[in-house]
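Each chain is listed here by its residues.
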Amino acid sequence: LPDEHKDGVRLKERIVTQQITTMHFVPPMLQAFLETPGVEVCAGTLRRIICSGEALSDAVQRQCWARLPGVALHNLYGPTEAAIDVTVWSCDPTAPADPIPIGRPIANTQIYLVDQRGEPVPIGVPGEVHIGGVNVARGYHRRPALTAERFVPDPFGAEPGGRVYRTGDLARYRPDGAIEYVGRLDHQVKIRGVRMELGEVESCLLHHPAVHEAVVVAQASAAGAKRLVGYVVPRTGHELSDEGLRQWVGARLPEAFVPSVVLVLEALPLTLNGKVDR
């Protein structure tokens, strides 16, 4: 039913009564679902949960295993321009990963991580994700300039006329070949002359034992200067302070990475499709 996925109690009842085995969530919606009272009853029918659309955090991964033991959790990645999901990772409770990889490409799909010159990056070095293969779209409807910018000739493929889609996402290879999502190219900012990834500051905040969710954005002042602003949601029963969180980041990251202010919210705002509304 419309909007039923936003009501955890109704969704829980639907899963049990209809004996649903597979669910697909955006991570913030999965987190909200896992906080539903009595959600553990769904473990009797659910076999697998698939996540995509945003980065899946280790906190949500562990919460899923704790509340729905025995239910397989899979982390997928992919943009609309490449038939949605093009990589897959099966989360392993016996060998949890933080950050959680987006995995490896699915069949008939090529993933390239390249630097600004279009050259492949070595293991551990972030590069822009380029997607090739049968999943790649033809382009944007009636937008030839944008199509030419984002859908470019495949420099590595053997097929004549092959193209890849430039995602604007950053990722890196782990030593075992799995791919880790790093962040967005447009989430790279320069603060006081220092270039940084907003996701790196978010990750630092998320490792605070009392932080449940965190988002960091760059805001411009009236004079045009940029500053970092953090938004966090505390774990149940915990209190957080701006000064304490700023000290936490300052002890782990360079001074330029410390937000000018960190605001504590009851919940992060979400878009209509369940993603965090930055």
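The preceding data block contains the structure.
All of these numbers come straight from a predicted model, not from anything done at the bench. (Residues numbered from 1 in each chain as written. Predicted model: local features only at pLDDT ≥ 70, side-chain atom pairs only at ≥ 80, totals over all residues. Heavy atoms only, no water.)

For this particular structure, what's the right way to read the sheet that holds strand S5 (residues 104–105)?
Adjacent strands of a sheet pair through backbone hydrogen bonds, lying either parallel or antiparallel. The sheet built from 5 strands is open, its strands ordered S1-S2-S3-S4-S5 with mixed pairing. Both edges of this open sheet fall to strand S1 (22–25) and S5, since each of them pairs with a single strand only. As paired elements, strand S3 (residues 72–77) and strand S4 (residues 87–90) share 4 bridges and run antiparallel to each other. Within S4, the position partnered with His74 by the bridge is Ser90. On the sheet, helix H2 (residues 27–34) packs against S1, strand S2 (48–51) and S3 and is oriented at approximately 120° with respect to S1. (Pairing = 2+ DSSP bridges. Helix = DSSP H or I, 4+ residues; strand = E, 2+ residues; numbered from the N terminus. Contact = heavy atoms within 4.5 Å. Axes fitted to C-alpha atoms, helices over the stretch in contact; angles between N-to-C directions.)

Whenever I open this one, the packing of helix H5 (residues 198–206) against helix H6 (residues 242–250) confuses me. Can you help?
At a minimum axis distance of 10 Å, the contact between H5 and H6 shows a crossing angle of 115°. Between H5 and H6, the interaxial angle falls into the category roughly perpendicular. Considering the relative orientation of H5 and H6, their crossing is right-handed. Along its contact with H5, which presents Val201, Cys204 and Leu205, the element H6 presents Leu245, Trp248 and Val249. Here the contact of H5 with H6 is built from residues that sort into 6 nonpolar, no polar and no charged. (Parallel < 35°, antiparallel > 145°, perpendicular 65-115°, else oblique. Left-handed = near helix turned anticlockwise from the far one by under 90°. Nonpolar A, V, L, I, M, F, W, Y, C, P; charged D, E, K, R; others polar.)

Would you mind going over the sheet that holds strand S14 (residues 226–234) with me for this structure?
As summarised here, the arrangement of the 3 strands in space is S13-S14-S15, forming an open sheet in which the pairing is mixed. Either end of the sheet is taken by a strand with one partner, and the two such strands are strand S13 (211–220) and strand S15 (261–264). In this sheet, adjacent strand axes meet at a mean angle of 25° when their direction is disregarded. When S13 meets S14, the two strands line up antiparallel, connected through 9 bridges. For Gln219, the partnering residue across the bridge sits in S14 and is Arg227. Docked against the sheet, H6 engages S13, S14 and S15, running at close to 125° with respect to S15.

Would you mind going over the pattern of salt bridges with me for this structure?
Two side chains with opposite charge may pair up if their charged atoms get near one another. Under the counting rule described, the total for this entry stands at 9 salt bridges. Between Arg62 and Asp58 there is a salt bridge, with its nearest N and O atoms 2.8 Å apart. With Arg62 and Asp58 both in helix H3 (residues 58–67) and 4 residues apart, the pair spans about one turn of that helix. Glu202 serves as the salt-bridge partner of Arg278, at 2.8 Å between the closest nitrogen and oxygen. Of this pair, Arg278 sits in the segment after S15 while Glu202 sits in helix H5, and the two are 76 residues apart along the sequence. Overall, the relative accessible area of 46% leaves Arg278 in the partly exposed class. (Salt bridge = Lys/Arg side-chain N within 4 Å of Asp/Glu carboxyl O. Buried < 20%, exposed > 50% of the residue type's maximum accessible area, 1.4 Å probe, protein only.)

Would you explain the packing of H2 against H3 in this entry?
Remark: H2 packs on H3, axes separated minimally by 10 Å, with the N-to-C direction vectors making an angle of 35°. Crossing geometry of H2 relative to H3 is assigned as left-handed. Contact with H2, carried on its side by Leu30, Gln31 and Leu34, involves Val60, Gln63, Cys64 and Arg67 of H3 and no other residues of that element. Residues that form the contact of H2 with H3 fall into these classes: 4 nonpolar, 2 polar and 1 charged.

How do you make sense of the nonpolar core when you look at a structure like this?
Nonpolar side chains in soluble globular proteins generally cluster together in the buried interior. Core analysis: the largest hydrophobic core is formed by 25 residues, its most contacted members being Phe25, Leu30, Phe33, Leu46, Ile49, Leu68 and Leu73. The dominant element in this core, judged by the number of residues it contributes, is H2, at 4 residues. Not counting residues up to four positions away in its chain, the partners in contact with Leu73 are Leu30, Ile49, Leu56, Gln61, Cys64, Trp65, Trp89, Ser90 and Cys91. (Core = buried A, V, L, I, M, F, W, Y, C linked by side-chain atoms within 4.5 Å.)

Explain unusual backbone geometry to me, please; I cannot follow it from the model alone.
Working note: non-glycine residues mostly have negative phi, and peptide bonds are mostly trans. Backbone torsion omega between Asp98 and Pro99 reads 5°, so that peptide bond is classified as cis. Within the secondary structure, Pro99 sits in the loop between S4 and S5. Residue Ala83 is not a glycine yet carries a positive backbone phi of 55°. Of note, Ala83 is situated in the loop between S3 and S4. For Ala83, a relative accessible area of 47% gives the class partly exposed. Phi at Asn108 takes a positive value of approximately 60°, unusual for a residue other than glycine.

Can you help me understand the pairing of strand S11 (residues 188–191) in this one?
Two faces, one strand: in a regular strand the side chains alternate between the faces of the sheet. Burial along S11 is one-sided: the residues Val189 and Ile191 are buried and none of Gln188 and Lys190 is. Relative to strand S12 (residues 194–197), S11 runs antiparallel, the two being bridged by 4 bridges. Paired with Lys190 across the two strands is Arg195, which belongs to S12. Turn length for the S11-S12 hairpin, with the two strands adjacent in sequence and antiparallel, is 2 residues, and the turn residue Arg192 shows positive phi of about 50°.

By themselves these figures say nothing about function.
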